Amino acid sequence: MTFRLMQHFQNRFTRLYSVLLALLLLAAPSFYQDNLGGEGLFIPFNNMVWIIVALLIGTGALVTIRRNTLQIPQLTYSMLILVGLTTIVGSINSIATPTAWLFRNLALGAGFFLFLAIAQAPSGRRWSDNALLMVIVSATVQSLYGLIQMLSTANNLPGWLPQSAGIPSGIFQQPNLLASYLATSLAASLFLISSPSIKGRHVLIKIFIIGASGLAAMVIASTGSRIGLLGGAAAITLLIAVRWRQLWRSRILSLLWCMALITGIAASSIHQGKDTGLLFGLKKFADITASNAEPGRSVARKTIYTVSWELFTQKPLLGHGIGQFERAFHDQKALYLKQAPNADPIDARLSHPHNELLFWAIEGGIIALSGFFILAASFFYLLYQLGWQRGGSYLALTLPILLHTQVELPLYISHLHWVLLVILIALAARHRSKRIRLPLAAVTRPTLLGLSIALPVVATIFFSHTVISDRLLIQYYMTPHKPIELLEMPRKNLYLNNYADYAAMQALAKYGLSRGDAEVLRNYIHWAQQILNVTPYIPVYATLAAAHHSLGEHRESQQVMSEALAIYPRTPIILQAKGLFDRLDKEAGRTPVETR
């Protein structure tokens, strides 16, 4: 009787896990509304992702309470060390942006608890294979989104899909993110067709896996993404190397998979644009070699990585502080541009060095980096224990996203990439885990039960509030007369309040400049000086200089413009402001501000 009751609950939790995984990979990344772009919770579907993650974590807690046991995968302590070290560094170091530090650590912590939650999921290869099949289904949806965007010649797509005329970007609003996500699904499909469980699959599932692979290959090639092509090629090559025996046993499926892959890549030749297509991606690979062969020709990444390395060497132990990257980078960039006048000055504001390890090295130093190295060493040791076939297969599954983190900031723009990476690592770690008994006291059990239910409720409320607030921000910017009342709700949101304040202060400055209101302009100057100490916003530089100029503080105005020009010597907004102030200063007989 007891066994049958336990089996009943086990079946319920199995179904619940499957439903939540489907919601996470299918429903969450299908949510879209107009947004400001950027990263984090400004991207609408990221909010949906965290709501489902909270439900998964709560489900894992419920399973633990029900069983009175906790399944601990091998990487648990390494992940806990990483979260602990990044928290410690943030606590003992200066934090320029507490909100950014809080949400970054929450994302790491949520990743850890999601890792534990996946470990509590039903054991057995079948569930893991089903999870990978769900990844392929999710990628197929994104491939279809990309295909629709490729066929679009104008921004006339339906409101549930990002406008991306002629450029496949999926829900991610960025081609490289779509490419690395689809490259992961290609690895998952090759893994599944070489898995013993493929023999018991329905023929329609086999056909779907083959067809989805061809579609994914076509869209990846059409994006022209170097990292997508590299990640996909590396993952496929490694899988073939470690699973050739299994692939040979399923040679008919393997042959069909290869034919689908080749057909998809060939079909992508139909879609060749100036900034898209396979030839464009291959040309970008050639451009890298050309840039290295011509010392006088510098590219943006060389500037980013050189300046970032200089920052790391300045404070190697603890770093510059969480949230200090932007200000520190642009100040150092100004010095670097004086020494290397032919370097790319990077017109836009940079929030990340396009390399995850460099990012943590700059802000958290060796202490933070050690947490990542410990986790990486533990992961590779786990793969070694799993053997070259199984371990190599799991490494291949994670390669597209891991490689992407070393050239861009995928985990910040798309939190789905971070969640998927955690799930893939958890699937590998499930092979080496131990179960410990939890003697829960009479008081502890209802407390944990309450927390497991409260977490999804709180998460749903907060992230729903963020989605609505984000929509109000869009309405504010799209409305010609900029009704300030639309910013009331965003200013109450923990994540969006700083940006809502920024929007309100820019509107206040515009009002002050139009009316010549000295008090309003003084308030703006005080705010702008504080915000620029942390984040070198381009429009704030221009508006601050205008505020000083309007108040007759021409020396201060020129000092602001000099600083802005040192950091952004080619940025249009700064150059336009410089042109205006130069003309006004010349008419008044003052010496215009000089460029770098």
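Counting restarts for each chain, with residues numbered from 1 along the sequence as it is written. Only residues with pLDDT of at least 70 get local features here, since the model is predicted, and only at 80 or more are side-chain atom pairs given and counted; chain-wide, interface and lining totals rely on the full set of residues. The side-chain numbers reported here are obtained from all heavy atoms of the structure, hydrogens and water having been left aside.

Focus: the overall build of the protein
To keep it simple, the criterion reads: Going along the chain from the N terminus, every DSSP run of H or I of four or more residues is numbered as a helix, and every run of E of two or more is numbered as a strand. Computation of the radius of gyration draws on C-alpha atoms, with the globule rule given as 2.2 Å multiplied by the number of residues to the power 0.38. Think of it in three bands: with a 1.4 Å probe and only protein chains considered, a residue is buried below 20% of the maximum accessible area for its type, exposed above 50%, and partly exposed in between. By definition, residues are in contact when any of their heavy atoms lie within 4.5 Å. In summary, the charge assignment counts Lys and Arg as positive and Asp and Glu as negative, without counting His or the chain termini. Where a charge lies is defined by one atom per residue type: Lys uses NZ, Arg uses CZ, Asp uses CG and Glu uses CD.
Tallying secondary structure elements over the protein gives 23 helices and two strands in all. Taking 25 Å as the expected radius of gyration for a compact globule of 596 residues, we find that the protein reaches 26 Å, a close match to that expectation. For the C-alpha atoms alone, the extent of the protein along its principal axes is close to 90 × 60 × 50 Å. With 596 residues in all, the protein has 54% of them scored as buried. The contacts in the protein between residues at least 6 apart in sequence include a share of 76% that link residues at least 24 apart. The positive charge centre, built from 48 side chains, and the negative charge centre, built from 27, are 20 Å apart in the protein.

Description of unusual backbone geometry
Leaving glycine aside, a negative phi is the common case for residues, and trans is the common case for peptide bonds. Look at Gln-173: it is not a glycine, yet its phi comes out positive at around 65°. If you trace the backbone, Gln-173 turns up in the loop between helix H5 (125–151) and helix H6 (175–193). Taking the relative accessible area as the measure of exposure, Gln-173 reaches 28% and is therefore partly exposed. Not every positive phi belongs to a glycine, and Lys-482 is a case in point at roughly 50°. Relative to the elements of secondary structure, Lys-482 occurs in the loop between helix H17 (444–478) and helix H18 (488–491).

Here we look at the packing of aromatic side chains
We count it as follows: Any Phe, Tyr or Trp ring, taking Trp's six-membered ring, that has another such ring centre within 6.5 Å forms a pair; planes under 30 degrees apart are called stacked, those over 60 apart edge-to-face, and the others tilted. Two conditions define a charge located above a ring, namely a distance within 6 Å from the ring centre to NZ of Lys or CZ of Arg, and an angle within 35 degrees of the ring normal.
This structure, assessed with the given rule, holds 24 aromatic pairs. Grouped by ring-pair contacts, the aromatic residues Phe-42, Phe-103, Phe-462, Phe-463, Tyr-476, Tyr-477, Tyr-495, Tyr-499, Tyr-502, Tyr-524, Trp-527 and Tyr-537 constitute a single cluster. Arg-104 extends its terminal NZ or CZ atom over the ring of Trp-360, reaching a point 5.0 Å from the ring centre. The cationic tip of Arg-243 hangs over the ring face of Phe-191; the distance from NZ or CZ to the ring centre is 4.5 Å.

Things to note about the side chain of Thr-405
You can see Thr-405 is positioned in helix H14 (residues 356–405). Residue Thr-405 is classed as buried on the basis of its relative accessible area of 6%. The residues touching Thr-405, leaving out its near neighbours within four places in the chain, are Asn-355, Glu-356, Pro-410 and Leu-411.

Re helix H19 (residues 497–515)
Definition in use: An expected span of 1.5 Å times one less than the residue number is assigned to each helix.
Its 19 residues give H19 an end-to-end C-alpha distance of 27 Å, which sits within 8% of 27 Å, the value for a rise of 1.5 Å per residue. Looking only at H19, the buried set comprises Asn-497, Ala-500, Tyr-502, Ala-503, Ala-504, Met-505, Gln-506, Ala-509 and Gly-512. For H19, the secondary structure elements touched by its buried residues are H17, H18, helix H20 (518–532) and helix H21 (538–550). Looking one or two residues past H19, Gly-516 carries a phi angle of roughly 65°, positive in sign.

Here's the deal with the packing of helix H12 (residues 300–314) against H14
Stated precisely, the cut-off is as follows: Whenever a helix is involved, its axis is fitted only over the stretch in contact; in every case the axis is a line through C-alpha atoms, and angles between N-to-C directions fall within 0 to 180 degrees. Geometric relationships in this document are graded by angle, where less than 35 degrees denotes roughly parallel, more than 145 denotes roughly antiparallel, 65 to 115 denotes roughly perpendicular, and other angles denote oblique. Here a crossing is taken to be left-handed if its near helix is turned anticlockwise relative to the far helix by less than a right angle, and right-handed if that turn runs clockwise. The residue classification treats Ala, Val, Leu, Ile, Met, Phe, Trp, Tyr, Cys and Pro as nonpolar and Asp, Glu, Lys and Arg as charged. All others, Gly included, are polar.
Put simply, H12 and H14 touch, their axes get as near as 9 Å, and they point 30° apart. Judged on the interaxial angle alone, H14 and H12 are roughly parallel. For the pair H12 and H14, the sense of crossing is right-handed. Here Tyr-305, Ser-308, Trp-309, Leu-311 and Phe-312 of H12 lie close against H14, whose contacting residues are Leu-358, Ala-361, Ile-362, Gly-365, Ile-366 and Leu-369. Among the residues making up the contact of H12 with H14, the classes are represented as nine nonpolar, two polar and no charged.

Here we look at the packing of helix H2 (residues 44–67) against helix H4 (residues 98–119)
Orientation of H2 relative to H4, taken along the N-to-C sense of each, is 45°, at an axis distance of 8 Å. Regarding the angle of H2 to H4, the classification is oblique. Relative to H4, H2 is oriented so that their crossing is left-handed. Counted together, Trp-50, Val-53, Leu-56, Ile-57 and Gly-60 of H2 and Ala-107, Ala-110, Phe-113, Leu-114 and Ala-117 of H4 form the full contact between these two elements.

Considering the pairing of strand E1 (residues 69–73)
Taken residue by residue, a regular strand's side chains alternate between the two faces of the sheet. The cut-off we apply is this: Whether two strands pair depends on DSSP finding at least two bridges between them.
Where burial is concerned, most of E1 is hidden: five out of the five residues are buried. Neither face of E1 is left uncovered, since the one carrying Thr-69, Gln-71 and Pro-73 and the one carrying Leu-70 and Ile-72 both have all their residues buried. Pairing of E1 with strand E2 (residues 433–437), which is carried by five bridges, proceeds in the antiparallel orientation. Looking at E2, one finds that Leu-70 is bridged to Ile-436.

Some words on the pattern of salt bridges
Quick note on the threshold: Salt bridge, as used here, is a side-chain nitrogen of Lys or Arg placed within 4 Å of a carboxyl oxygen of Asp or Glu.
Tallied over the entire structure, the rule returns ten salt bridges. Between Arg-104 and Glu-363 there is a salt bridge, with its nearest N and O atoms 2.8 Å apart. Of this pair, Arg-104 sits in helix H4 while Glu-363 sits in helix H14, and the two are 259 residues apart along the sequence. The exposure class assigned to Arg-104 is buried, which follows from its relative accessible area of 12%. In this structure Glu-363 comes out as buried when scored by relative accessible area, which is 1%. For Asp-501, the salt bridge identified is with Arg-491, shortest N-O distance 2.7 Å. Of this pair, Asp-501 sits in helix H19 while Arg-491 sits in helix H18; the two residues are ten residues apart in sequence, bridging distant segments of the chain. Note on Arg-491: relative accessible area 41%, which makes it partly exposed. Several salt bridges share partner residues, and in doing so they unite Arg-327, Asp-331 and Glu-563 into one network.

Here we look at the environment of Thr-99
As for its placement among the helices and strands, Thr-99 is situated in helix H4. Judged by relative accessible area, Thr-99 falls into the buried class, the value being 18%. Between the C-alpha atoms of Thr-99 and Asn-498, which are 399 residues apart in sequence, the distance is 8.8 Å. When neighbours within four sequence positions are excluded, Thr-99 is seen to be in contact with Leu-494, Tyr-495 and Asn-498.

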